[in-house]
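Single-letter residue listing:
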Amino acid sequence: MNVFNIIAEIEKADPEFTERISPRRAAIKNITSFGSKVAVAALPFAFATIFKKAYGTTSTASVTDVLNFALKLEYLESYFYTRGVATSGLIPGTDMNVFTQIQADENEHVAFLKSVLGAAAIPQPTFDLTAKGTFADVLTNYNTFLAVANTFEDTGVRAYKGQAANLQGNEVVLTAALSIHAVEARHASAVRQVRAAHGVNIMPWITGAASVYNDTGVPAVNANYGAGATGYPAENNVTQGGVNLTTLASAYGSTTPYNVACEAFDEPLDANTVVTLVTPFFIN
Amino acid sequence: MKTETNENKGNGMIARRSFLRYAGIGAASVGLLATAACHHDHTVVINQGVDIGTGDIGILNYAYALEQLEAAFYTQVISSPYSGISVSEKAYLTAIRDHEILHRNFFKAALGANAITGLTVDFSAINFNSRDSVLGAAKTFEDLGVMAYDGAGYLIQNPDYLTLAGKIVSVEARHAALIRDLLVPGSFAGSDVVASNGLNNALSIAQVLSMANAYLKTKVSAVNYNYVVA
């Protein structure tokens, strides 16, 4: 990757690019010194920081904060699946390929985020997979393991979705975050399919009713599917973009069934609420 | 040969005129039926087409176009199920149909007068009586939808629209994982859609539309995003 060629390309597309960087010379100099100290993989992040400054994206969290927030969740998932796969007798052989695939993806997410963050990456925390005893048999009872996996994946989807606006307009970092988000959703679907195969009444997507927002059958994780801060409704929300989805036509007539309206849109969750939810899984 | 030369010249002129019309009209749907008569009994008909336009309206129309395609596909799947369809598969595909119809109708309602026209589909390549053909097409549409939303997110300027796109793309990814597992158990995040760094592939608007147009009689272009229907 040639940094200066990229800047030249940006200037061609947007002649005012360098004018927006303030102070111009210092910014360019920073790229060079930064780039010489960290892995090439960190360069997209360096650009992200500059773009954010240059274009004045109004967000409350910095890109570094968002990526470290994501890294913290990925550390947890990676550790959870690594322990699960390594625990003899926990995962039946017929399901093992699902979890080795998910484990591999989560490990890659950790590696990817660390490479992008470079020296700014938070270190791996230590974990308590029982969440202070709430899931005491998580590594000995497969059904508990599946329930926790189900919740981790659905909450991961909510967490990434909640950060999209903080990365807005940033082609490199937003596209990467959306792409990890999609993989978390694939995992959520897969884990839900495994639970369904073991007799749990659950679909690959989150369903609900006017009075039901947690469809996992696990009351201990109600908050993971509930509302977060203002503007982050529970998973059974049916109003999108100011439109009450149930008033739209469907294959069944002039209205849409409530459960369909829940299922067709996943809900984001704010970072503070997510941190509160996962805190019991962390020792430090 | 003189005739070929004239035909080529005529097509080139039509193409340029079409481009100018697309560019000038922007988000409005373009009822483009261009007919060129050569000097013998031979006419060149260019399919009716639409252009998604530009800005957030353009991206929402892009999503609306893909959701129209998916909704039409699953509607046909459920109205004429493949032979041997199981109860659970029919339930899954019915639910997905319902989601896609709602996505389509949501975008139509949200776009209002800015919405592109209803698209006419071309599913002649799909054998609706064959499980492999139907699920194979479903896999194509779902994976394409995920890659489309992931690849176009950075173009969205209004944060509310970006969040809305995020709310939909994860549901498409849930669908994609299910369909893939129905075809090949354990392939929910196969290496053909998830790169070795654990990231889902993302595609540009031009890449997505060139694939989607194979299933559309009404061709969708995106002149503001470097894609004109060939």
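This structure is a prediction, so every number in the text was calculated from the model and none was measured.

Rules and cut-offs
- Sequence positions are assigned chain by chain, starting from 1 and proceeding in written order.
- Chains and ligands are labelled sequentially in the order written, the chains with letters from A and the ligands with numbers from 1.
- Only residues with pLDDT of at least 70 are given local features in this predicted model, and only at 80 or more are side-chain atom pairs given and counted; all residues enter the totals for whole chains, interfaces and linings.
- With hydrogens and water set aside, each side-chain value is computed from the structure's full complement of heavy atoms.
- Numbered from the N terminus, helices here are DSSP runs of H or I no shorter than four residues, and strands are runs of E no shorter than two.
- Three labels apply to residues, based on accessible area from a 1.4 Å probe with only protein chains included: buried if under 20% of the type maximum, exposed if over 50%, partly exposed otherwise in between.
- Contacts: residue pairs with any heavy atoms within 4.5 Å of one another.
- Working definition of accessibility: Shrake-Rupley area with a 1.4 Å probe, residue cover restricted to the visible protein chains.
- Axis lines are fitted through C-alpha atoms, for helices just across the contact stretch, and the angle between N-to-C directions can take any value from 0 to 180 degrees.
- When an angle is under 35 degrees it counts as roughly parallel; over 145 it counts as roughly antiparallel; between 65 and 115 it counts as roughly perpendicular; any other value is oblique.
- Handedness of a crossing follows from how the near helix is turned relative to the far one, being left-handed for an anticlockwise turn of less than a right angle and right-handed for a clockwise one.
- Just so you know the grouping, Ala, Val, Leu, Ile, Met, Phe, Trp, Tyr, Cys and Pro go in nonpolar, Asp, Glu, Lys and Arg go in charged, and all remaining residues, Gly too, go in polar.
- Values labelled buried area give the accessible surface lost by two parts on being combined, using a 1.4 Å probe and summing over both.
- Throughout this description, the term salt bridge denotes a Lys or Arg side-chain nitrogen within 4 Å of a carboxyl oxygen of Asp or Glu.
- Expected span of a helix, by definition, is 1.5 Å for each gap between consecutive residues, and there is one gap fewer than residues.
- Stacked, edge-to-face and tilted labels apply to pairs of Phe, Tyr and Trp rings (six-membered ring for Trp) whose centres lie within 6.5 Å, assigned for plane angles under 30 degrees, over 60, and everything in between, in that order.
- The set of buried Ala, Val, Leu, Ile, Met, Phe, Trp, Tyr and Cys residues whose side-chain atoms join them within 4.5 Å is what this entry labels a nonpolar core.
- In this tally Asp and Glu are treated as negative and Lys and Arg as positive; neither His nor the chain ends contributes.
- As a per-residue measure, pLDDT reflects the predictor's confidence and takes values from 0 up to 100.

**Student:** I keep staring at the overall build of chain A and nothing clicks. Help me out?
**Tutor:** A tally of helices and strands in chain A yields 11 helices and two strands. Written out in order from the N terminus, the α and β elements of chain A read α-α-α-α-α-α-α-α-α-β-β-α-α. By residue count, 53% of the 284 residues in chain A fall in the buried class. Look at the contacts in chain A between residues 6 or more apart in sequence, and 71% of them connect residues 24 or more apart. For chain A, the accessible surface area stands at approximately 11,800 Å², while carbon and sulfur atoms represent 57% of it.

**Student:** When you look at the overall build of chain B in this model, what are you seeing that I'm missing?
**Tutor:** Scanning chain B for helices and strands turns up six helices and four strands. Going residue by residue from the N terminus, the α and β elements of chain B occur as α-β-β-β-α-α-α-α-α-β. A total of 230 residues make up chain B; the buried ones form 54% of that total. Sequence-distant contacts, at least 24 apart, represent 70% of the contacts inside chain B between residues at least 6 apart. Carbon together with sulfur atoms contributes 53% to the accessible area of chain B, which is approximately 9,500 Å² in total.

**Student:** Is there a simple way to explain the packing of helix H5 (residues 63-86) of chain A against helix H7 (residues 142-163) of chain A in this structure?
**Tutor:** The axes of two packed helices give the description: the angle between them and the distance between them. Residue and element names in this part refer to chain A. Axis separation between H5 and H7 bottoms out at 11 Å; the angle between their running directions is 165°. Relative to H7, the element H5 is oriented roughly antiparallel. Crossing geometry of H5 relative to H7 is assigned as left-handed. In contact with Val66, Phe69, Ala70, Leu73, Glu74, Leu76, Glu77, Phe80, Tyr81 and Gly84 of H5, H7 contributes Phe145, Val148, Ala149, Phe152, Glu153, Ala159, Tyr160 and Gln163. Of the residues assigned to the contact of H5 with H7, the class counts are 13 nonpolar, two polar and three charged.

**Student:** What is the right way to look at the interface of chain B and chain A in this model?
**Tutor:** It is common to report an interface's size as the accessible area lost on association of the parts. Listed per partner, the contact involves 52 residues of chain B and 57 residues of chain A. The contact between chain B and chain A buries some 4,300 Å² in all, and 65% of this surface belongs to carbon and sulfur atoms. At the junction of chain B and chain A, the tally comes to four salt bridges. The closest approach of N and O atoms between Asp143 of chain B and Arg186 of chain A, which form a salt bridge, is 2.8 Å. Residue assignment for the side of chain B that touches chain A shows that the elements contributing at least two residues are helix H3 (87-111), helix H4 (131-152) and helix H5 (159-183) of chain B.

**Student:** How do you make sense of helix H8 (residues 171-197) of chain A when you look at a structure like this?
**Tutor:** A turn of α-helix holds 3.6 residues, and therefore any two residues three or four places apart point the same way. Residue and element names in this part refer to chain A. The terminal C-alpha atoms of H8 lie 39 Å apart, and with 27 residues this matches the ideal 39 Å at 1.5 Å per residue to within 8%. Buried residues dominate H8, accounting for 23 of its 27 residues. Just downstream of H8, Gly199 is the residue with a positive phi angle, here 95°.

**Student:** Which parts of the structure should I look at to understand the packing of aromatic side chains?
**Tutor:** Per the stated rule, a full pass over the model turns up 22 aromatic pairs over all chains. Summarising the aromatic geometry, the rings of Tyr81 of chain A and Phe145 of chain A are spaced 6.4 Å apart at their centres and angled 90° between planes, so their arrangement reads as edge-to-face. Separated by 64 residues along the polypeptide, Tyr81 of chain A in helix H5 and Phe145 of chain A in helix H7 bring together distant segments of the chain. The class for Tyr81 of chain A is buried, based on a relative accessible area of 0%. Its relative accessible area of 0% is what places Phe145 of chain A among the buried residues. Taken together, a centroid distance of 4.9 Å and an interplanar angle of 70° make the contact between Phe73 of chain B and Tyr74 of chain B edge-to-face. This pair shows no difference in class: Phe73 of chain B is buried, exactly as Tyr74 of chain B is.

**Student:** How should the environment of Val200 of chain A be read in this particular structure?
**Tutor:** Looking at where Val200 of chain A falls in the secondary structure, it is placed in the loop between H8 and helix H9 (222-225). Sequence separation of Val200 of chain A and Thr216 of chain A is 16 residues, and the distance between their C-alpha atoms is 8.5 Å.

**Student:** What is the right way to read the nonpolar core from this model?
**Tutor:** Most often, soluble globular proteins have nonpolar side chains that are buried together. Within the largest apolar cluster, 141 residues are counted, with the highest numbers of intra-cluster contacts made by Phe80, Phe99 and Phe145 of chain A together with Tyr62, Phe73 and Phe107 of chain B. In contact with Phe107 of chain B, other than residues within four places in its own chain, are Leu60, Ala63, Tyr64, Glu67, Tyr149 and Ile168 of chain B.

**Student:** Looking at this structure, how should I read the side chain of Glu70 of chain B?
**Tutor:** With respect to the helices and strands, Glu70 of chain B occurs in helix H2 (residues 55-79). The side chain of Glu70 of chain B sits in the buried core without any salt bridge; Arg186 of chain A is the nearest counter-charge, 10 Å away.

**Student:** Just to check I follow, could you spell out H2 of chain B for this structure?
**Tutor:** Over its 25 residues, H2 of chain B runs 36 Å from end to end, which matches the ideal 36 Å to within 8%, given 1.5 Å per residue. For H2 of chain B, the buried fraction is high: 20 of the 25 residues fall into the buried class.

**Student:** Sorry, what's going on with the confidence of the model for chain B here?
**Tutor:** Caution applies to low-pLDDT regions: their predicted coordinates should not be interpreted in detail. All names here are of chain B. Looking at chain B as a whole, its pLDDT mean stands at 85, while 79% of the residues score no less than 70. Within the model, pLDDT remains below 50 along residues 1-46, and this stretch shows 54 contacts once partners closer than five positions in the same chain are excluded. Prediction confidence for the complex, expressed as pTM and ipTM, is 0.82 and 0.82 respectively.

**Student:** Would you mind going over the packing of H3 of chain B against H4 of chain B with me for this structure?
**Tutor:** All names here are of chain B. Two numbers describe how H3 lies on H4: the axes approach to 13 Å, and their chain directions differ by 40°. With respect to each other, H3 and H4 are oriented oblique. Like other packed secondary-structure pairs, H3 and H4 cross with a definite hand, here left-handed. Taken together, the residues of H4 that come into contact with H3 (itself represented by Glu89, Leu93, Ile96, Glu100 and Phe107) are Arg131, Leu135, Glu142 and Tyr149.

**Student:** Teacher, can you tell me more about the side chain of Asn213 of chain B here?
**Tutor:** Within the secondary structure, Asn213 of chain B is located in the loop between helix H6 (205-212) and strand E4 (219-221). Apart from the residues lying within four places of it in its own chain, the contact partners of Asn213 of chain B are Thr218, Lys219, Val220, Tyr227 and Val229 of chain B.

**Student:** Help me understand the environment of Ala223 of chain A, please; the structure alone is not making it clear to me.
**Tutor:** Turning to its location among the elements, Ala223 of chain A is positioned in helix H9. Linking Ala223 of chain A and Ala234 of chain A, residues 11 residues apart in sequence, is a C-alpha distance of 8.9 Å.

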